[in-house]
Amino acid sequence: MSFKAIRADMEAILARDPAARSRLEVVLCYPGFHAVLLHRLAHGCWTRGLKLVARAIAVFSRFLTGIEIHPAARIGERFFIDHGMGVVVGETAEIGNDVTLYQGVTLGGTSLDKGKRHPTLEDGVIVGAGAKILGPFTVGKNARVGSNAVVLEAVPAGATVVGIPAKVVGRPKNDDFCAYGMSGEVQDPVARALDRFEGDLGILRARMAELEGIVAAQRKALDEREAAPLRVYANDRV
(Lines give C-alpha, C1' and ligand atoms only; values in the text may rest on other atoms or scores of the structure.)
Protein backbone atom coordinates (compact mmCIF):
# COMPACT_ATOMS: atom_id res chain seq x y z
CA MET A 1 0.00 0.00 0.00
CA SER A 2 1.39 3.38 -1.02
CA PHE A 3 0.37 6.96 -0.31
CA LYS A 4 0.02 7.42 -4.08
CA ALA A 5 -2.69 4.72 -4.21
CA ILE A 6 -4.45 6.22 -1.16
CA ARG A 7 -4.41 9.67 -2.74
CA ALA A 8 -5.77 8.24 -6.01
CA ASP A 9 -8.66 6.58 -4.14
CA MET A 10 -9.42 9.89 -2.46
CA GLU A 11 -9.38 11.82 -5.73
CA ALA A 12 -11.72 9.23 -7.28
CA ILE A 13 -14.29 9.92 -4.57
CA LEU A 14 -14.05 13.68 -5.10
CA ALA A 15 -14.51 13.17 -8.85
CA ARG A 16 -17.50 10.81 -8.66
CA ASP A 17 -19.48 12.07 -5.66
CA PRO A 18 -20.79 15.65 -5.82
CA ALA A 19 -21.55 15.44 -2.09
CA ALA A 20 -17.83 15.22 -1.26
CA ARG A 21 -16.58 18.74 -0.53
CA SER A 22 -13.02 18.21 0.66
CA ARG A 23 -10.29 15.63 1.16
CA LEU A 24 -10.66 15.98 4.92
CA GLU A 25 -14.35 15.12 4.66
CA VAL A 26 -13.48 12.01 2.61
CA VAL A 27 -10.89 10.89 5.17
CA LEU A 28 -13.20 11.39 8.13
CA CYS A 29 -16.68 10.60 6.81
CA TYR A 30 -16.54 8.09 3.95
CA PRO A 31 -16.83 4.43 5.03
CA GLY A 32 -16.08 3.32 1.46
CA PHE A 33 -12.72 5.04 1.68
CA HIS A 34 -12.05 3.47 5.09
CA ALA A 35 -12.95 0.01 3.76
CA VAL A 36 -10.63 0.32 0.75
CA LEU A 37 -7.81 1.66 2.91
CA LEU A 38 -8.13 -1.23 5.37
CA HIS A 39 -8.42 -3.73 2.52
CA ARG A 40 -5.17 -2.55 1.01
CA LEU A 41 -3.55 -3.08 4.41
CA ALA A 42 -5.18 -6.51 4.81
CA HIS A 43 -4.23 -7.55 1.26
CA GLY A 44 -0.63 -6.60 1.92
CA CYS A 45 -0.63 -8.86 4.99
CA TRP A 46 -2.32 -11.66 3.01
CA THR A 47 0.28 -11.63 0.23
CA ARG A 48 3.03 -11.79 2.85
CA GLY A 49 1.57 -14.92 4.42
CA LEU A 50 0.02 -13.19 7.45
CA LYS A 51 -3.39 -14.62 6.63
CA LEU A 52 -4.86 -14.59 10.14
CA VAL A 53 -3.82 -10.98 10.64
CA ALA A 54 -5.33 -10.13 7.25
CA ARG A 55 -8.63 -11.78 8.14
CA ALA A 56 -8.68 -9.96 11.49
CA ILE A 57 -8.23 -6.61 9.70
CA ALA A 58 -11.03 -7.53 7.26
CA VAL A 59 -13.39 -8.39 10.13
CA PHE A 60 -12.56 -5.10 11.86
CA SER A 61 -13.23 -3.27 8.59
CA ARG A 62 -16.62 -4.94 8.27
CA PHE A 63 -17.48 -3.99 11.87
CA LEU A 64 -16.41 -0.38 11.23
CA THR A 65 -17.90 0.19 7.76
CA GLY A 66 -20.51 -2.50 7.04
CA ILE A 67 -18.46 -3.48 3.98
CA GLU A 68 -16.99 -6.98 3.69
CA ILE A 69 -13.99 -7.47 1.41
CA HIS A 70 -11.98 -10.68 1.58
CA PRO A 71 -8.29 -9.81 1.99
CA ALA A 72 -7.35 -12.05 -0.97
CA ALA A 73 -9.49 -10.05 -3.40
CA ARG A 74 -7.42 -8.04 -5.87
CA ILE A 75 -8.46 -4.41 -6.32
CA GLY A 76 -7.05 -1.83 -8.71
CA GLU A 77 -6.56 1.90 -8.38
CA ARG A 78 -9.18 4.62 -7.88
CA PHE A 79 -11.74 2.18 -6.51
CA PHE A 80 -14.87 3.86 -5.11
CA ILE A 81 -17.53 2.28 -2.90
CA ASP A 82 -20.37 4.81 -2.54
CA HIS A 83 -22.47 4.58 0.65
CA GLY A 84 -21.23 1.01 0.92
CA MET A 85 -23.39 -0.66 3.54
CA GLY A 86 -23.87 -4.35 2.71
CA VAL A 87 -21.21 -4.60 -0.02
CA VAL A 88 -19.59 -8.06 -0.20
CA VAL A 89 -16.50 -8.85 -2.29
CA GLY A 90 -15.46 -12.50 -2.38
CA GLU A 91 -12.05 -14.10 -2.08
CA THR A 92 -11.20 -14.61 -5.76
CA ALA A 93 -12.85 -11.42 -7.03
CA GLU A 94 -10.70 -9.17 -9.21
CA ILE A 95 -11.48 -5.49 -9.67
CA GLY A 96 -9.76 -3.25 -12.20
CA ASN A 97 -9.07 0.47 -12.14
CA ASP A 98 -11.74 3.18 -11.84
CA VAL A 99 -14.47 0.77 -10.73
CA THR A 100 -17.48 2.00 -8.72
CA LEU A 101 -19.76 -0.09 -6.50
CA TYR A 102 -22.86 1.15 -4.71
CA GLN A 103 -24.50 -0.13 -1.53
CA GLY A 104 -25.69 -3.72 -1.31
CA VAL A 105 -23.55 -5.05 -4.18
CA THR A 106 -22.36 -8.66 -3.98
CA LEU A 107 -19.47 -10.09 -5.97
CA GLY A 108 -20.13 -13.70 -5.06
CA GLY A 109 -19.43 -17.28 -6.06
CA THR A 110 -21.85 -20.04 -6.94
CA SER A 111 -19.67 -23.07 -6.27
CA LEU A 112 -17.58 -24.62 -3.49
CA ASP A 113 -14.53 -24.85 -5.77
CA LYS A 114 -11.33 -23.66 -4.11
CA GLY A 115 -10.22 -22.03 -7.36
CA LYS A 116 -11.57 -19.00 -9.20
CA ARG A 117 -15.25 -18.67 -8.30
CA HIS A 118 -15.90 -14.93 -8.08
CA PRO A 119 -16.28 -12.38 -10.89
CA THR A 120 -13.69 -10.16 -12.54
CA LEU A 121 -14.64 -6.52 -13.10
CA GLU A 122 -12.54 -4.78 -15.71
CA ASP A 123 -11.62 -1.09 -15.75
CA GLY A 124 -14.39 1.48 -15.50
CA VAL A 125 -17.23 -0.85 -14.49
CA ILE A 126 -20.12 0.67 -12.53
CA VAL A 127 -22.39 -1.57 -10.45
CA GLY A 128 -25.67 -0.12 -9.16
CA ALA A 129 -27.15 -0.58 -5.69
CA GLY A 130 -28.25 -4.08 -4.74
CA ALA A 131 -26.82 -5.80 -7.81
CA LYS A 132 -25.53 -9.36 -7.50
CA ILE A 133 -22.75 -10.59 -9.78
CA LEU A 134 -22.35 -14.31 -9.16
CA GLY A 135 -19.77 -16.56 -10.78
CA PRO A 136 -16.22 -16.69 -12.21
CA PHE A 137 -16.85 -14.67 -15.36
CA THR A 138 -15.81 -11.24 -16.59
CA VAL A 139 -17.75 -7.98 -16.65
CA GLY A 140 -16.13 -6.12 -19.52
CA LYS A 141 -14.49 -2.73 -19.54
CA ASN A 142 -16.85 0.24 -18.95
CA ALA A 143 -19.88 -2.03 -18.55
CA ARG A 144 -22.85 -0.86 -16.48
CA VAL A 145 -24.85 -3.11 -14.16
CA GLY A 146 -28.22 -1.69 -13.15
CA SER A 147 -29.50 -1.63 -9.58
CA ASN A 148 -30.85 -4.95 -8.26
CA ALA A 149 -29.72 -6.83 -11.36
CA VAL A 150 -28.64 -10.45 -10.94
CA VAL A 151 -25.75 -11.15 -13.32
CA LEU A 152 -25.06 -14.84 -13.99
CA GLU A 153 -22.97 -14.68 -17.16
CA ALA A 154 -20.26 -12.58 -18.79
CA VAL A 155 -21.10 -8.99 -19.71
CA PRO A 156 -19.60 -7.52 -22.92
CA ALA A 157 -17.41 -4.46 -22.69
CA GLY A 158 -19.42 -1.25 -22.75
CA ALA A 159 -22.79 -2.97 -22.32
CA THR A 160 -25.56 -2.01 -19.89
CA VAL A 161 -27.37 -4.92 -18.23
CA VAL A 162 -30.49 -4.91 -16.05
CA GLY A 163 -33.04 -7.39 -14.76
CA ILE A 164 -33.22 -10.86 -13.19
CA PRO A 165 -31.39 -12.57 -14.75
CA ALA A 166 -29.57 -9.60 -16.22
CA LYS A 167 -29.84 -8.95 -19.96
CA VAL A 168 -28.10 -6.45 -22.21
CA VAL A 169 -30.39 -3.48 -22.84
CA GLY A 170 -28.05 -1.01 -24.49
CA ARG A 171 -24.64 0.59 -24.65
CA PRO A 172 -23.70 4.04 -23.32
CA LYS A 173 -22.88 6.59 -26.01
CA ASN A 174 -19.70 7.51 -24.14
CA ASP A 175 -17.58 6.39 -21.23
CA ASP A 176 -18.56 9.26 -18.92
CA PHE A 177 -19.34 8.37 -15.33
CA CYS A 178 -22.97 7.39 -14.85
CA ALA A 179 -24.32 7.25 -11.30
CA TYR A 180 -25.71 3.83 -10.37
CA GLY A 181 -24.77 2.60 -13.84
CA MET A 182 -28.00 3.91 -15.37
CA SER A 183 -29.20 6.77 -17.54
CA GLY A 184 -32.55 8.00 -18.78
CA GLU A 185 -31.88 6.33 -22.14
CA VAL A 186 -32.08 2.82 -20.68
CA GLN A 187 -35.51 1.23 -20.38
CA ASP A 188 -36.47 -1.71 -18.23
CA PRO A 189 -36.87 -4.77 -20.55
CA VAL A 190 -39.88 -5.93 -18.52
CA ALA A 191 -41.54 -2.54 -18.99
CA ARG A 192 -40.82 -2.66 -22.72
CA ALA A 193 -42.34 -6.16 -22.95
CA LEU A 194 -45.44 -4.96 -21.08
CA ASP A 195 -45.75 -1.99 -23.43
CA ARG A 196 -45.64 -4.33 -26.44
CA PHE A 197 -48.19 -6.62 -24.79
CA GLU A 198 -50.49 -3.67 -24.11
CA GLY A 199 -50.26 -2.59 -27.75
CA ASP A 200 -51.03 -6.10 -29.02
CA LEU A 201 -53.94 -6.34 -26.58
CA GLY A 202 -55.40 -3.11 -27.92
CA ILE A 203 -55.25 -4.48 -31.48
CA LEU A 204 -56.95 -7.72 -30.39
CA ARG A 205 -59.70 -5.81 -28.59
CA ALA A 206 -60.41 -3.69 -31.68
CA ARG A 207 -60.55 -6.79 -33.89
CA MET A 208 -62.84 -8.56 -31.43
CA ALA A 209 -65.20 -5.58 -31.36
CA GLU A 210 -65.26 -5.62 -35.17
CA LEU A 211 -66.08 -9.35 -35.26
CA GLU A 212 -68.77 -8.94 -32.60
CA GLY A 213 -70.39 -6.22 -34.78
CA ILE A 214 -70.41 -8.54 -37.81
CA VAL A 215 -71.92 -11.40 -35.79
CA ALA A 216 -74.59 -9.09 -34.31
CA ALA A 217 -75.57 -7.84 -37.78
CA GLN A 218 -75.86 -11.38 -39.13
CA ARG A 219 -77.92 -12.48 -36.13
CA LYS A 220 -80.29 -9.52 -36.56
CA ALA A 221 -80.78 -10.34 -40.25
CA LEU A 222 -81.52 -13.98 -39.41
CA ASP A 223 -84.04 -13.01 -36.70
CA GLU A 224 -85.84 -10.67 -39.10
CA ARG A 225 -86.04 -13.41 -41.71
CA GLU A 226 -87.51 -15.91 -39.23
CA ALA A 227 -90.06 -13.37 -37.95
CA ALA A 228 -91.45 -12.47 -41.43
CA PRO A 229 -95.15 -13.60 -41.86
CA LEU A 230 -95.83 -16.58 -44.08
CA ARG A 231 -98.06 -15.95 -47.09
CA VAL A 232 -100.85 -18.55 -47.47
CA TYR A 233 -102.82 -18.75 -50.69
CA ALA A 234 -106.19 -20.44 -50.58
CA ASN A 235 -105.97 -21.84 -54.11
CA ASP A 236 -102.54 -23.35 -53.54
CA ARG A 237 -102.47 -27.07 -54.01
CA VAL A 238 -99.87 -29.40 -52.68
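See the structure above.
Everything quoted here is computed from the prediction, not taken from an experiment.

Below, the discussion takes up the pattern of salt bridges. Taken as a whole, this structure holds 11 salt bridges when the rule is applied. The closest approach of N and O atoms between Arg21 and Glu25, which form a salt bridge, is 3.2 Å. Between Lys116 and Glu94 there is a salt bridge, with its nearest N and O atoms 3.1 Å apart. Placement of Lys116 in the loop between β7 (106-108) and β8 (120-121) and of Glu94 in strand β5 (residues 94-95) is noted, with a sequence separation of 22 residues between them. Among the residues examined, Glu94 registers a relative accessible area of 24% and is labelled partly exposed.

Turning to the environment of Val89, a few remarks are in order. Position of Val89 relative to the elements: it lies in strand β4 (residues 88-89). Linking Val89 and His118, residues 29 residues apart in sequence, is a C-alpha distance of 8.4 Å. In this view, Val89 contacts Glu68, Ile69, His70, Ala73, Ile95, Leu101 and Leu107; residues no more than four positions away in its chain are not counted.

Once that is clear, we can look at helix α3 (residues 31-47). Given 3.6 residues per helical turn, the α-helix brings residues three or four places apart onto the same face. A rise of 1.5 Å per residue sets the reference length of α3, with its 17 residues, at 24 Å; its end C-alpha atoms lie 24 Å apart and thus fit the reference within 8%. Burial analysis of α3 places 12 of its 17 residues in the buried class, which makes it a mostly covered element. Within the span of α3, buried status applies to Gly32, Phe33, His34, Ala35, Val36, Leu38, His39, Arg40, Ala42, Gly44, Cys45 and Trp46. Looking at the buried positions of α3, the neighbouring elements they touch are α1 (3-16), α2 (23-29), α4 (51-65), β1 (68-69), β2 (74-75) and β3 (80-81). In the stretch just after α3, Gly49 is the one whose phi turns positive, near 90°.

Reading the values: the criteria
Within any chain, residue numbers begin from 1 and follow the written order of that chain's sequence. Predicted model: local features are reported for residues with pLDDT of at least 70 only, side-chain atom pairs are reported and counted for 80 or more only, and whole-chain, interface and lining totals are derived from all residues. Hydrogens and waters are ignored; side-chain quantities use all the structure's heavy atoms. Within this document, salt bridges are pairs made up of a side-chain nitrogen of Lys or Arg and a carboxyl oxygen of Asp or Glu, the two lying within 4 Å of each other. Here a strand is any run of E in DSSP of at least two residues, a helix any run of H or I of at least four, and the numbering for each starts at the N terminus. Here's how the labels work: a residue is buried when its accessible area is under 20% of the maximum for its type, exposed when over 50%, partly exposed in between, all with a 1.4 Å probe on protein chains only. Here, two residues are considered to be in contact whenever any of their heavy atoms come within 4.5 Å of each other. Multiplying 1.5 Å by the helix residue count minus one yields the expected span of that helix.

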